[in-house]
Amino acid sequence: APIDAIGFQAHMGGGLTPPYRLEAILDRFAELGLPIMITEYDVDVPDPVVQERYTRDFMTLVFSHPSVSGFTTWGFWQPNMWQPNSAMYDAQWNLLPVGRAFIGQVHDAWKTHERGTTDGRGVLAVRGFKGTYRVVVRTPAGVVEREFELGDGGGTIDLQVPTAD
């Protein structure tokens with residue numbers, strides 16, 4: 001069967017692999033030209049601050065690596081974790097520091113929410129992450145909404161908006 005991706009189990013613990021070493025590993029496997037997916041991520045160390053910081057740094061590294069196309073955790077709720085110390089939520093559903101790092105990256109740091117006003121030529125330039133966007137343009141003459149995909153190479157969206165005559 002053909003191989004169409006590379007998966008890395010990422011059960012981290014004990015002597016945590018430093019980010020520069022993780023990057024070298026990703027770079028080495030990226031030479032194969034296949035998408036890389038991080039699977040089964042968890043971090044089991046006794047210090048919750050270290051867990052939080054390591055998770056943030058690990059996720060930043062894999063998010064920014066051009067060959068990484070997926071990230072999966074190995075559970076999130078303490079009663080269902082193979083290593084309960086690595087859970088993102090405790091048994092009472094309280095968010096733990098490692099969960100705070102995960103949510104902070106996925107739902108805050110890596111979301112694009114921009115507002116602005118076009119210049120004299122009707123242009124507004126923003127920077128965004130790869131993904132699906134909904135653009136809403138409001139003018140005195142009406143509203144235009146459109147969805148578009150921002151891919152690896154960036155992009156431009158041209159909208160025709162109503163004008164007040």
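Computed from a prediction, not measured in an experiment: that's the story for all the values here.

Next up on the list: the sheet that holds strand 1 (residues 6–13). Hydrogen bonds between backbone atoms are what pair the strands of a sheet, whose relative direction is either parallel or antiparallel. Here we have three strands laid out as an open sheet, ordered 1-2-3, and parallel in their pairing. In this open sheet, the two strands that pair with only one neighbour each are strand 1 and strand 3 (68–73). This sheet shows a mean twist of 20° between the axes of neighbouring strands, independent of strand direction. Pairing of strand 1 with strand 2 (residues 36–44), which is carried by seven bridges, proceeds in the parallel orientation. Bridge assignment links Gln 9 to a residue of strand 2, and that residue is Thr 39. Sitting on the sheet, helix 1 (residues 19–30) is in contact with strand 1, strand 2 and strand 3, with an inclination near 165° to strand 1.

With that out of the way, let us pick up the packing of helix 1 against helix 2 (residues 48–64). Where helix 1 meets helix 2, the axes come as close as 10 Å, and the angle between the chain directions of the two elements is 30°. Classified by the angle between their axes, helix 1 and helix 2 sit roughly parallel to one another. Between helix 1 and helix 2 lies a crossing whose hand is right-handed. Across from Pro 19, Leu 22, Glu 23 and Leu 26 in helix 1, the residues of helix 2 making contact are Tyr 54, Asp 57, Phe 58, Leu 61 and Val 62. For the contact of helix 1 with helix 2, the per-class residue count stands at seven nonpolar, no polar and two charged.

Next up on the list: the pairing of strand 5 (residues 142–150). Pairing of strand 4 (residues 131–139) with strand 5, which is carried by nine bridges, proceeds in the antiparallel orientation. Considered in strand 5, the bridge of Arg 134 is made with Glu 147. The antiparallel hairpin formed by strand 4 and strand 5 contains two residues in its connecting segment.

For any two aromatic rings, the description comes down to two numbers: the centre-to-centre distance and the angle of the planes. Enumeration according to the criterion identifies 13 aromatic pairs in this entry. By way of ring pairs, the aromatic residues Tyr 41, Tyr 54, Phe 58, Phe 71 and Phe 102 are connected into one cluster.

All right, on to the nonpolar core then. Among the nonpolar cores identified, the biggest contains 22 residues, and Met 12, Leu 26, Ile 38, Tyr 41 and Phe 58 are the most heavily contacted of them. Secondary-structure elements contributing two or more residues to this core are strand 1, helix 1, strand 2, helix 2 and helix 3 (97–109). For this core, the element with the highest residue contribution is helix 2, accounting for five residues. Not counting chain neighbours up to four residues away, the residues in contact with Phe 58 comprise Ala 10, Met 12, Leu 22, Ile 38, Tyr 41 and Phe 71.

Assignment of secondary structure puts Gln 51 in helix 2. Sequence-wise, Gln 51 and Val 161 are 110 residues apart; in three dimensions their C-alpha atoms are separated by 48 Å. Contact partners of Gln 51, with chain neighbours within four places excluded, come to Val 43, Asp 44, Val 45, Asn 85, Ser 86 and Val 98. Of note is the side chain of Gln 51, whose polar atom sits 2.7 Å from the backbone oxygen of Val 43. One polar contact links the side chain of Gln 51 to the main-chain carbonyl oxygen of Asn 85, over a distance of 2.9 Å.

Attention now goes to the pattern of salt bridges. Pairing between side chains of opposite charge can happen when their charged atoms approach one another. Inspection of every chain in the model, using the stated rule, returns four salt bridges. With a shortest N-O distance of 3.1 Å, Arg 56 and Asp 57 are connected by a salt bridge. Taking the relative accessible area as the measure of exposure, Arg 56 reaches 34% and is therefore partly exposed. Relative accessible area serves as the criterion here: at 33%, Asp 57 is assigned to the partly exposed category.

Thresholds applied
Residues numbered from 1 in each chain as written. Predicted model: local features only at pLDDT ≥ 70, side-chain atom pairs only at ≥ 80, totals over all residues. Heavy atoms only, no water. Pairing = 2+ DSSP bridges. Helix = DSSP H or I, 4+ residues; strand = E, 2+ residues; numbered from the N terminus. Axes fitted to C-alpha atoms, helices over the stretch in contact; angles between N-to-C directions. Contact = heavy atoms within 4.5 Å. Parallel < 35°, antiparallel > 145°, perpendicular 65-115°, else oblique. Left-handed = near helix turned anticlockwise from the far one by under 90°. Nonpolar A, V, L, I, M, F, W, Y, C, P; charged D, E, K, R; others polar. Phe/Tyr/Trp six-rings, centres within 6.5 Å; stacked < 30°, edge-to-face > 60°. Core = buried A, V, L, I, M, F, W, Y, C linked by side-chain atoms within 4.5 Å. Buried < 20%, exposed > 50% of the residue type's maximum accessible area, 1.4 Å probe, protein only. Polar contact = N/O pair within 3.5 Å; in protein donor to acceptor, adjacent residues only side chain to side chain. Salt bridge = Lys/Arg side-chain N within 4 Å of Asp/Glu carboxyl O.

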